[in-house]
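Breakdown of the fold
The lines below spell out each chain.
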Amino acid sequence: MNILVTCSYWYYADFSYSFIHAQAKAYAAAGQRVRVLIPLPLGSRRLPEGAVQTVPGVHRLERDGVEIDYVTALSLSNFGNHRIGNYSLNNHAAIAAFRRLLPELTQDFQPDVVHAHTFGYGSEVGSWLSQRLDCPLVVTTHGGDLQAFTAAGQKDVLRSQCDSASAVVAVSAKLANEVAACGTMVPVYTVYNGFAADRVASLPKQPHHLVQVGNLVPSKHNDYTIQAVARLRKIYPDITLTIVGNGSERQRLELLVEKLGLTDCVFFLGTLPNAEALEEMAKAEVFVMPSYPEGFGIVYLEAMASGCVTIGTESEGIDGFIHSGENGFLVPRDDIDMIVHVIDRCFQDSALMARVASAGKHDAMQQTWAHNVQQYIQIFEELRR
């Protein structure tokens, strides 16, 4: 099967963090031919090593069995961080670039399906591609894109974008329900994200050591984790917390750590390559990320596979994969008391902590990208039939 993937440039700017590429690589490993079309902001010099200009406006690269075409497009807004695709003008610019170069982009590649990521860029550009190439379109929503439409009250626009596809895939049951609520008539599937199980590290656990990994933005609620550590330190003087990631909240969080007198036990490591972040999780007994809204954080899978007791938020994307008290724990929104209670309970009961961590590792290791793409391929085959 020939699978044509499209996503905004931001998702393919860094291969080490691109879960879109991880999935595309799994498609290729499963015997499918995969080509990825990415709009490249005009004037950008951030091309991956090895990219070769085949025709004016197209830079081609093959990596991990995946054919990748970066197509030069005018970025009409938010050019600085290259998030082309977040605004409709950018979407039209990408379509214009693809229209001009489509013969070259598909000269030796007739797609059987278009797989587009996110509403907005993905659904608009993917719809145009599927119509021009006469093949089904599957749009995957990852959460933030869907929430942008619902927060703006654009239910009709969302329904229209759903209806332009042959099927919609949501990365959690929560998101699937939100998509269905717009009134679309197209099939809506739930397929959990995968993760790179081969990167998981195995290291000795450090007693009473916590970790949180992710962008330092308000929705991740790192401050709740820090406040929980401040309370737990009265019981466990040797408790430590490592925070991996960067973002707009870092300065505020560092001031909070200083205010609470935790500078000797809470450590900010900044952004790390995925392999190093996994090593930090491998050393921790507990992973905490009480974030909301949350589509389906791959980092939860990584933490579970790393042997951490993993704590997420009730009624968010990970709810349904984590069964509280069995393979991890779920806490209510904004409930620092419950975060403290769960961690204290685990520290007090080593048998419980070992049992939950072991079950979490087992379940997470089943949720690989290979498993993920098999579910997608079944959907593609059904649409082709």
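Residues numbered from 1 in each chain as written. Predicted model: local features only at pLDDT ≥ 70, side-chain atom pairs only at ≥ 80, totals over all residues. Heavy atoms only, no water.

Taking 1.5 Å of rise per residue, the 16 residues of helix H3 (residues 118-133) would be expected to cover 22 Å, yet its terminal C-alpha atoms sit only 20 Å apart, more than 12% below that figure. Two residues or fewer after H3 comes Asp-134, characterised by a positive phi angle close to 55 degrees. (Helix = DSSP H or I, 4+ residues; strand = E, 2+ residues; numbered from the N terminus. Expected span 1.5 Å × (residues − 1).)

Pairing within the open sheet is parallel, and its six strands lie in the order E12-E11-E10-E13-E14-E15. In this open sheet, the two strands that pair with only one neighbour each are strand E12 (266-270) and strand E15 (329-331). In this sheet, neighbouring strand axes are inclined to one another by 25 degrees on average, regardless of whether the strands run parallel or antiparallel. Relative to strand E13 (residues 286-288), strand E10 (residues 209-213) runs parallel, the two sharing two bridges. Looking across to E13, one finds that Val-211 is bridged to Phe-287. (Pairing = 2+ DSSP bridges. Axes fitted to C-alpha atoms, helices over the stretch in contact; angles between N-to-C directions.)

To continue, consider the side chain of Glu-294. With respect to the helices and strands, Glu-294 occurs in the loop between E13 and helix H10 (298-305). For Glu-294, the side chain forms a polar contact with the side chain of Lys-220, separated by 2.9 Å. One polar contact links Glu-294 to Ser-291, side chain to side chain, over a distance of 2.7 Å. (Polar contact = N/O pair within 3.5 Å; in protein donor to acceptor, adjacent residues only side chain to side chain.)

Turning our attention to the side chain of Ser-127. Within the fold, Ser-127 resides in helix H3. In this structure Ser-127 comes out as buried when scored by relative accessible area, which is 9%. (Buried < 20%, exposed > 50% of the residue type's maximum accessible area, 1.4 Å probe, protein only.)

Counting 96 residues, the largest nonpolar core has Tyr-12 and Phe-287 as its most contacted members. Ile-226, Ala-230, Ile-239 and Ile-343 belong to the second-largest nonpolar core, a separate cluster that totals 37 residues. (Core = buried A, V, L, I, M, F, W, Y, C linked by side-chain atoms within 4.5 Å.)

On to helix H8 (residues 250-259), then. Turning to H8, its buried residues are Leu-253, Leu-256 and Val-257. Buried residues along H8 cover an arc of 100 degrees about the axis, so they all sit on one side. Across from the buried face of H8, at angles greater than 90 degrees, the exposed residues are Gln-251, Leu-255, Glu-258 and Lys-259. Buried residues belonging to H8 abut helix H7 (222-232) and E12. Just downstream of H8, Gly-261 is the residue with a positive phi angle, here 70 degrees. (Arc of directions from axis to C-beta. Contact = heavy atoms within 4.5 Å.)

Turning our eyes to something else, we now look at the sheet that holds strand E7 (residues 137-141). With mixed pairing, nine strands are arranged side by side in an open sheet as E3-E4-E5-E2-E1-E6-E7-E8-E9. At either margin of the open sheet sits one strand with a lone partner, and together these are strand E3 (52-55) and strand E9 (188-190). Averaged over all adjacent pairs, the angle separating strand axes in this sheet is 25 degrees, with direction ignored. For E7 and strand E8 (residues 167-170), the ladder comprises four bridges, and the chain directions are parallel. Bridge pairing in E8 links Thr-141 to Ala-170.

Moving on to unusual backbone geometry. Look at the link from Tyr-292 to Pro-293: it is a cis peptide, with omega at -10 degrees. By secondary structure assignment, the location of Pro-293 is in the loop between E13 and H10. One non-glycine residue, Asp-64, adopts positive backbone phi at about 55 degrees. For Asp-64, the position within the fold is in the loop between strand E4 (58-63) and strand E5 (66-73).

Further remarks concern the environment of Glu-62. Inspection of the secondary structure puts Glu-62 in strand E4. Residue Glu-62 is classed as exposed on the basis of its relative accessible area, which comes to 60%. Along the chain, Glu-62 and Thr-106 lie 44 residues apart, while their C-alpha atoms are 15 Å from each other.

All right, on to the packing of aromatic side chains then. Summed over all chains, the structure comprises twelve aromatic pairs. Relative to Phe-296, the ring of Tyr-192 has its centre 4.8 Å away and its plane inclined at 20 degrees; by these criteria the two rings are stacked. Of this pair, Tyr-192 sits in the loop between E9 and E10 while Phe-296 sits in the loop between E13 and H10; the two residues are 104 residues apart in sequence, bridging distant segments of the chain. Note on Phe-296 and Phe-321: the rings are 6.1 Å apart at their centroids and 90 degrees apart in plane angle, and the pair reads as edge-to-face. Within this pair, whereas Phe-296 is found in the loop between E13 and H10, its partner Phe-321 is found in the loop between strand E14 (309-313) and E15, the two being separated by 25 residues in sequence. Here Phe-296 falls in the buried class, since its relative accessible area comes to 4%. Relative accessible area serves as the criterion here: at 10%, Phe-321 is assigned to the buried category. Linked through ring pairs, Trp-10, Tyr-11 and Phe-19 together constitute an aromatic cluster. (Phe/Tyr/Trp six-rings, centres within 6.5 Å; stacked < 30°, edge-to-face > 60°.)

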